[in-house]
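The chain contents come next:
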Amino acid sequence: LMFIISPLVYFYFFLIIILFFFIALCIIFSKNIFDSVRFLKNRYLCFMNNIVREHIREQVAALPHSPGVYQFVDANNVIIYVGKAKSLKKRVSSYFVESRDHSAKVRVLVRQVVDIRHVVVDSEQDALLLENSLIKKLQPRYNILLKDDKTYPWIVLRKEPFPRVQSTRELKHDGSEYFGPYGSIATQRSILEFIRDMVPLRTCKLNLSVSSIASHK
């Protein structure tokens, strides 16, 4: 019986030694393996980044010198930023030029862009309106202005028996006349003040409908 068991014991002991030897080799070489994997991963990412950068350069070079709206798209095919431009080529190319004037948000944004889409329009006014609409519809992550139900200001001439001229951020189909939008609040306010100085329109909030006046309310 002893003669039969002894070879099995030696065999299992030999397997255990080999196993420990293999584990020791793995421990010794694991750091090098991980470093190699990390190196290959970094090289792959660098290669893909160069491809993306070249793609972006080609897209920017093909942009027209026309007013329009541009959209930045990330690796998940999600639009992360929408902007307007008087000259699409000039505006979009400014993002991809190294500059100390770029904010931290812009730097982070640019690193995530893998594709650029654009829409050419007839005028800056059309670009302003389209940008407004797209931002409210798409809610891009990096757009702050207009994201939370905000919009550019308009001047409205109310459809009332005694019209008022006011500032508004809401466009309603109420028969009133809307002028704008204005990219600068200061410009809009200056125009409002000019209108009120030149035309004596009412500024009160009283209900001056025909029925109210007739009933002396």
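In this report, we go over the structure that sits alongside the text. Here the residue numbering is sequential within each chain, running from 1 through the sequence in written order. In keeping with the model being predicted, local features are shown solely for residues with a pLDDT of at least 70 and side-chain atom pairs are shown and tallied solely at 80 or more, while totals for entire chains, interfaces and linings include all residues. Where side-chain values are given, they derive from all heavy atoms of the structure, hydrogens and water being excluded.

Quick look at the sheet that holds strand S4 (residues 154-157)
Logical step 1: Two strands pair under a simple rule: DSSP has to find at least two bridges between them. Secondary structure counts use DSSP, requiring at least four H or I residues in a row for a helix and at least two E residues in a row for a strand, with both numbered from the N terminus. With antiparallel pairing, the three strands of this open sheet are ordered in space as S5-S4-S6. The sheet terminates laterally at strand S5 (165-168) and strand S6 (177-179), the two strands that pair on one side only. This sheet shows a mean twist of 30° between the axes of neighbouring strands, independent of strand direction.
Logical step 2: The sheet contact formed by S4 and S5 spans four bridges and is antiparallel. Opposite Leu 157, over in S5, you have Val 165 as the bridge partner.
Logical step 3: Along the sheet face, helix H5 (residues 185-198) touches S4 and S5 and points at about 170° away from the line of S5. Structural elements are reduced to axes, namely lines fitted to C-alpha atoms, with helices fitted over the stretch in contact, and the angle between N-to-C directions of any two is expressed from 0 to 180 degrees. We call two residues in contact when some of their heavy atoms are within 4.5 Å.

Thoughts on the layout of surface pockets
Logical step 1: Each pocket or cavity is described by its volume, and for the largest pocket that value is around 340 Å³.
Logical step 2: Forming the boundary of the largest pocket are 15 residues, of which Tyr 95, Phe 96, Val 97, Glu 98 and Val 110 lie nearest the centre.
Logical step 3: Put simply, the parts of the chain that give the lining of the largest pocket at least two residues each are helix H1 (2-62), helix H2 (88-95) and helix H3 (104-112).
Logical step 4: Looking at the lining of the largest pocket residue by residue, the class counts come to seven nonpolar, three polar and five charged. Cavity and pocket criteria rest on a 1 Å grid covering protein atoms alone: a 1.4 Å probe that fits but cannot get out defines a cavity, protein on both sides within 12 Å along at least 5 of 7 lines defines an open pocket, and an atom within 4 Å of a point defines a lining residue. Grid points are joined across faces, edges and corners, and a volume is the space filled by probe spheres set on the points. Only Asp, Glu, Lys and Arg are considered charged in this grouping, and only Ala, Val, Leu, Ile, Met, Phe, Trp, Tyr, Cys and Pro are considered nonpolar; every other residue, Gly among them, is considered polar.

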